[in-house]
Amino acid sequence: LLPNKSLPLAVFAACVGGTFQYGYNISIINGPTKYVQNFINHTWMERYHTNISENGLTLLWSTIVSIFTLGGLIGVSIGGTLSVRLGRKGTLLTNNIFSLTAALLMGLSSTAGSFELLIIGRLLCGVNAGIALCVQPLYLGEIAPTALRGATGMGTSVFITGGILTGQVMGLKEVLGKEEYWPILLSTTFIPAVLQLIILPWFPESPRYLLIDKGDDEGCKKALRQLHGLSECDAALEDIKKERNNLVGFHARKPWELFSDGSVRWQLLTIVLLNMAQQLNGINAIYFYADYVFRQSGIPSERIPYATVGTGACECITALTCGLLIECLGRKVLITGGYILMSVCCILFTLTLTFQDVSPIFPYLSMACVFAFILSFGLGPGGVTNILTAELFTQTARPAAFMISGSINWLSFFFIGLIFPFIVLGFQQYCFLVFLMVCSLVAIYIFFVVPETKNKTFVEIQKDFQSFNKRKSRGSDGASSILLSTPLDSGPLLHRSPLDPEP
């Protein structure tokens, strides 16, 4: 099934100013590290006529880098609410205010001699990324036909990895990686924002939002005609009406309401575990070790940034491959397979790092493990996690679900950034055994609990989970009744299985 030409263009318009910004702002800060630190030192000297202490410099630099995470947490906590009030498209367009303001502040920081502007700019970049990560997958999941929902949803992952790769390339000396260009480099975040403001207004609001949230039948039909084409429009409208009929009397849910609703218990547990695992599965550790592995393999220090661009390109290509495979292999196969392959890579990487000095071949095997791990991550967990978050909930619960999953993701990002140096210090190369445990347990959970969602409507997926909830409920009720009906003085009968024959 080929999409109507408007659909991929709408995906591009949503993603270029959305999750592309997240990936771009994560990687863009790494290139000018030394130059920004020189700027902080110079500014401090001009203000206080003394050099800043090493600890003070480290603290300011860490604040500039890590305040992005705090901004992300703020963004994701307001993104769901904004998506209900302003609509999905309206929120994405409004979100560019944060990006444009951040670009202005960071671009002027050197001229103004103020590193505080950098801190505020990075905070606003984080807010922009948090809102985008919450609302953009919501928009993509709601504008796509059922048969193309997975491929469309992969736009989130493809543009994150594309943003990371673009940031790495822009930071090279041949582009904007020279000392005098670092303010321009950090302010280039305005380009994707302007692109989105120009392109996205030409595309419609989410048809599901228009019909279910706003009751705008005519607007929904018009949006479906533009996004799906005339031939697919009626079937899509029928599907949305079915979902609306199932939700009569329901209002947009708040995050805390989901926690108290037993009917979405397993969906909620699933997205919490998957979003935690997305940050705690070792992908950050791989990038941390990449420089060391490249040096050990004999790559000159000045060439390592180019090898790092290779890892970004690898992840981007894998995300594209996942987008092509997801509708034929399904979500469950890709994400379970990805975590299994990552588990294998954790074992092999631990072994190759342990025997690094035994033979000259081991550094090259370690390099192969770096790329294999990144490929495995991009093939499953990197792309499928956001798609499942969109698919496991119905319209009224979906924004709240994205607020919860996004908050968990950002908190896990902050947590791993905080404790990772201590994990490496304590376990050294054996830290990958911790990540092996995470990847293995998540693969087992997905295999036994998460249903395949390929080619299923949101209502059908909801029914799958309802039947799963009923089975679990019957199992626990049955166990309780057996315990209650067993006499306290029955001695050995307490240990008899309910499946054993009566004596």
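The rules we used
Residues numbered from 1 in each chain as written. Predicted model: local features only at pLDDT ≥ 70, side-chain atom pairs only at ≥ 80, totals over all residues. Heavy atoms only, no water. Helix = DSSP H or I, 4+ residues; strand = E, 2+ residues; numbered from the N terminus. Rg over C-alpha atoms; globule rule 2.2 N^0.38 Å. Buried < 20%, exposed > 50% of the residue type's maximum accessible area, 1.4 Å probe, protein only. Contact = heavy atoms within 4.5 Å. Areas by Shrake-Rupley, 256 points an atom, 1.4 Å probe, with all protein chains shown as cover. Lys, Arg positive; Asp, Glu negative; His and termini not counted. Charge placed at Lys NZ, Arg CZ, Asp CG, Glu CD. Expected span 1.5 Å × (residues − 1). Bend = angle between axes of the 7 residues up to and from the residue. Salt bridge = Lys/Arg side-chain N within 4 Å of Asp/Glu carboxyl O. pLDDT = per-residue confidence, 0-100. 1 Å grid on protein atoms, 1.4 Å probe; cavity = no way out; pocket = protein on both sides within 12 Å on 5 of 7 lines; lining within 4 Å. Points joined across faces, edges and corners; volume = space filled by probe spheres on them. Nonpolar A, V, L, I, M, F, W, Y, C, P; charged D, E, K, R; others polar. Phe/Tyr/Trp six-rings, centres within 6.5 Å; stacked < 30°, edge-to-face > 60°. Lys NZ or Arg CZ within 6 Å of the ring centre and 35° of its normal. Core = buried A, V, L, I, M, F, W, Y, C linked by side-chain atoms within 4.5 Å.

### Topic: the overall build of the chain
So, point 1. The helix and strand tally for the chain stands at 22 helices and zero strands.
So, point 2. Taken over C-alpha atoms, the radius of gyration comes to 25 Å for the chain, in line with the 23 Å a tight globule of 503 residues would show.
So, point 3. Overall, the C-alpha framework of the chain stretches about 85 × 65 × 45 Å when taken along its three principal axes.
So, point 4. Put simply, the chain has 503 residues, and 54% of those count as buried.
So, point 5. Taking the intrachain contacts of the chain between residues at least 6 apart in sequence as the baseline, contacts between residues at least 24 apart amount to 82%.
So, point 6. Per element, the accessible surface of the chain, about 22,500 Å² overall, is 67% carbon and sulfur.
So, point 7. Looking at the chain, you have 34 positive and 32 negative side-chain charges, and the mean spots of the two groups are 4 Å apart.

### Some points on helix α7 (residues 149-170)
So, point 1. Its 22 residues place the ends of α7 32 Å apart at the C-alpha level, agreeing with the 32 Å of an ideal helix rising 1.5 Å per residue.
So, point 2. Where α7 bends most, at Thr156, the angle is about 25°.
So, point 3. Judged by how many residues are buried, α7 sits mostly within the fold: 19 of 22 residues are covered.

### Description of the pattern of salt bridges
So, point 1. For the coordinates displayed, the defined rule picks out 14 salt bridges.
So, point 2. Arg47 is the partner of Glu116 in a salt bridge, and the nearest nitrogen-oxygen pair spans 2.8 Å. Linking Glu116 in helix α6 (residues 115-143) with Arg47 in helix α3 (residues 33-48), this pair joins segments that are 69 residues apart in sequence.
So, point 3. Of the charged contacts in the structure, one is a salt bridge between Lys456 and Asp464, with a shortest N-O distance of 2.6 Å.
So, point 4. Overall, the relative accessible area of 24% leaves Lys456 in the partly exposed class.

### Some remarks on the confidence of the model for the chain
So, point 1. Residues with a pLDDT of 70 or more make up 93% of the chain, whose mean pLDDT is 88.
So, point 2. Note on residues 479-503: pLDDT is under 50 here. Beyond four places in sequence and across chains, it has seven contacts.

### Side note on empty space enclosed by the protein
So, point 1. What the rule picks out here adds up to one cavity of 30 Å³ or more.
So, point 2. By volume, the largest cavity is sized at about 70 Å³.
So, point 3. Lining of the largest cavity is provided by Pro137, Gly141, Arg149, Gly153, Thr156, Asn386, Ile387, Ala390 and Glu391.
So, point 4. Contributions of two or more residues to the lining of the largest cavity are made by α6, α7 and α19 (381-391).
So, point 5. Tallying contributions element by element places α19 first for the lining of the largest cavity, with four residues.
So, point 6. Of the residues assigned to the lining of the largest cavity, the class counts are three nonpolar, four polar and two charged.

### What about the packing of aromatic side chains?
So, point 1. Counted under the stated rule, the structure contains 14 aromatic pairs.
So, point 2. Consider the rings of Phe20 and Tyr24, whose centres lie 5.9 Å apart with planes at 15°: the pair is stacked. Of this pair, Phe20 and Tyr24 are both found in helix α2 (residues 19-27), four residues apart, which corresponds to roughly one turn of the helix. Each of the two residues, Phe20 as well as Tyr24, counts as buried.
So, point 3. One aromatic cluster in this structure is built from Tyr22, Phe68, Trp410 and Phe413.
So, point 4. Positioned above the aromatic ring of Phe447, the side-chain terminus of Lys332 is 5.9 Å from the ring centre.
So, point 5. For Arg398, the ring lying beneath its charged end belongs to Phe458, and the centroid distance is 4.0 Å.

### Side note on the nonpolar core
So, point 1. Residues Tyr22, Ile40, Ile64, Leu118, Tyr139 and Trp410 are the most contacted members of the largest nonpolar core, which totals 64 residues.
So, point 2. With 16 residues, the top contributor of residues to this core is α6.
So, point 3. Those residues in contact with Tyr139, other than ones at most four positions away along the chain, are Ala10, Ala14, Arg88, Lys89, Leu92, Leu200, Phe203, Pro204, Glu205 and Ser206.
So, point 4. Grouped together as the second largest cluster of nonpolar side chains are 63 residues, Leu268, Leu274, Cys314 and Val442 included.

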